[in-house]
Amino acid sequence: MPRGRSATLRILFLTQTYPRWPGDTAGPFIRELARGLVRAGDRVTVLTPRAAQVRRAWTDDGVEVCSFAYAPRPLEVLGYGRSLAADEHVRPGAALAAPLYLLAAARAVARHLGRERHDLLHAHWVAPNGLVALWPGVHGKGTLIAAGLHGSDVFLAEKALARPAIRRALARCDLLTGCSPELVERVRRIGYRGKPSRVIPYGVDTDMFRPLAELPGEPVEESWRERLNIPDNSTVLLGVGRLATKKGFQVLIDVLPRLLSDFSDLHTIIAGDGDQMAHFRATVDGWRPDHTGRIHLPGAVAHDDLPGLYRGADLFVLPAVHDPQGNVDGLPNVILEALASGLPVVATSVSGIPLAVESGVQGVLVPEQDRAALREAIAGILGNPEQRRLMGARARSRAVSQLTWDIVAGRYRQAYLDALADGGRR
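Reference entry: report on the structure contained in this document. (Residues numbered from 1 in each chain as written. Predicted model: local features only at pLDDT ≥ 70, side-chain atom pairs only at ≥ 80, totals over all residues. Heavy atoms only, no water.)

### Re the overall build of the protein
Move 1: Within the protein one finds 15 helices and 16 strands.
Move 2: Scaling as 2.2 N^0.38, a compact globule of 426 residues should have a C-alpha radius of gyration of about 22 Å, and the protein matches this with 22 Å.
Move 3: Counting only C-alpha atoms, the protein reaches 65 × 45 × 40 Å along its principal axes.
Move 4: Counting contacts in the protein only where the partners sit at least 6 residues apart, residues at least 24 apart contribute 72% of the total.
Move 5: In the structure as shown, the protein presents an accessible area of about 17000 Å², 52% of it carried by carbon and sulfur atoms. (Helix = DSSP H or I, 4+ residues; strand = E, 2+ residues; numbered from the N terminus. Rg over C-alpha atoms; globule rule 2.2 N^0.38 Å. Contact = heavy atoms within 4.5 Å. Areas by Shrake-Rupley, 256 points an atom, 1.4 Å probe, with all protein chains shown as cover.)

This is the structure in structure tokens:
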């Protein structure tokens, strides 16, 4: 550690989203990272924008959370999944609110840095939050600045109007973190060079997400198979995520009719809500009746209900893609939740997914948009129950041994320590 730094780190997070209530699916990975750092003995404060059901300040398992106002309430439309339409276009209201948001976020960060020394500011989502590094009250306080990359923020940072400001902000950052090698490389091309960067996958709560076999004697929630009228002897293919183009569910929808014909006991659940829901429902309604009854689109599922959903499935699929605008997920949390739940995973080898899934070990990775390869991978696992069992066991083992939040938080902490040491030498 540099001279004068204590063993306990004082860390400030700036985020666009943080869980607002138990079971909220908004930014659970930010919460879990913060809690993991607190369990390691550090002090973490999270700054998040005001929104409906967001309190002014609260303590969350040792994490101090504060919200900041940035506009009259009707104009506060940034963060919490409201900024982008279909994850492809900035909503007009969000673009208009962005300057107000940045000003308020920078002032909130400066206030906290002025009250108490912090070792490091981690600005999650480089666009827009990394831009606070340009604010005089933030830069030059003796606090190192890290920019965290998560997916859509990189897509925004690459826009022609944003790139010059992002490039200047990156020049004032001391560390870059990302859940995907692709995201980190794309931001390095914008103008982050010669300084540390780390690719660190997200973690997963392996106590919350567990296979049914690891719940002996515990009360089991109502089965999702019962809720959706799926026979107990059926095989269930599960996908979870927002119904946005980059999740790739449109690719899965294209290959399902053939799979449903080949496997008469197959049911498919695609859980999530979003801009593609109406199109998916209309497509499925046009299929033959014995196929339509085996596709289930339950809409959004609360985070606390997800473990039971995974436990009712036999195979997980997420054929993620780069959407037409170039947007891509970093590392979808649902992949990690499926692994921890003991499910083999069929996914595409894009962005950070290969950090979590080794093809042929915990599942199968296929090229994006390759419908034939996707169908063959799913069919191969569905047709081989023993392979499915072995892959599921390996998936659970990988999650427990490498992807718990304590392990992942330790990797972030080491990245912070290394950046602090490097900063102390400069």
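### Concerning the nonpolar core
Move 1: Ranked by internal contacts, the top residues of the largest apolar core, which has 144 residues, are Phe-13, Tyr-310, Phe-316, Ile-335, Leu-339, Ile-378 and Tyr-416.
Move 2: The dominant element in this core, judged by the number of residues it contributes, is helix α2 (residues 92-115), at ten residues.
Move 3: For Ile-378, the residues in contact, after removing those within four places along its chain, are Leu-237, Leu-252, Leu-259, Leu-315, Val-317 and Val-346. (Core = buried A, V, L, I, M, F, W, Y, C linked by side-chain atoms within 4.5 Å. Buried < 20%, exposed > 50% of the residue type's maximum accessible area, 1.4 Å probe, protein only.)

### Overview of helix α5 (residues 163-171)
Move 1: Looking at α5, one finds that the buried residues are Ala-165, Ile-166, Ala-169 and Leu-170. Along the axis of α5, the buried residues cluster in a sector spanning 135 degrees; they form a single face. Exposed and facing more than 90 degrees away from the buried side of α5 are Arg-168 and Ala-171.
Move 2: Those residues of α5 hidden inside the fold are in contact with α3 (126-129), α4 (152-157), β9 (175-178) and α6 (181-190). (Arc of directions from axis to C-beta.)

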